[in-house]
Amino acid sequence: MGSLPTFPDADEALKWRDIEPDHLAWRRALVERQLRQERLDQWTGYGFRLLEYVMVMGFGVAFVWLGFYAVDHKASTQTVPLIGGGMAALVSAVLAVRNRRN
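Keep in mind it's a predicted model, so treat the numbers as computed, not measured.

A. Focus on the packing of aromatic side chains. In total, this model carries two aromatic pairs according to the counting rule given. Between Trp43 and Tyr46, the aromatic rings sit 5.6 Å apart at their centres with planes inclined by 90 degrees, giving edge-to-face as the arrangement. With a gap of three residues between them, Trp43 and Tyr46 both fall in helix H2 (residues 23–72), about one helical turn apart. Trp43 sits in the exposed class, given a relative accessible area of 60%. Given the relative accessible area of 43%, Tyr46 is considered partly exposed. When the ring of Trp65 is compared with that of Tyr69, the centres are 5.4 Å apart and the planes differ by 25 degrees; the resulting orientation is stacked. Of this pair, Trp65 and Tyr69 both sit in helix H2, separated by four residues, roughly a single helical turn. Under the relative-accessibility criterion, Tyr69 is labelled partly exposed at 42%.

Rules and cut-offs
Residues numbered from 1 in each chain as written. Predicted model: local features only at pLDDT ≥ 70, side-chain atom pairs only at ≥ 80, totals over all residues. Heavy atoms only, no water. Phe/Tyr/Trp six-rings, centres within 6.5 Å; stacked < 30°, edge-to-face > 60°. Helix = DSSP H or I, 4+ residues; strand = E, 2+ residues; numbered from the N terminus. Buried < 20%, exposed > 50% of the residue type's maximum accessible area, 1.4 Å probe, protein only.

Here you go:
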């Protein structure tokens, strides 16, 4: 997050008001716009994190369901590489994303 411009102290604000009457209103609008943008960025980050968790849970449930399906149809030895590879890919993708963030 970027640093926000600070408001001037009272003496400097009076000087700015004499030079440019709309400067303080412009500076306040700038700060408010930056705060809104940072808030939007935070909510977007929360949304993507939630989407990541939903996708990981969905794939995890799918692999568990595939494993039970394979066992029920006596095909477990044929699907072990598929299920194991899928779970390994899922775990490695999650770890790669977490390590990239930190």
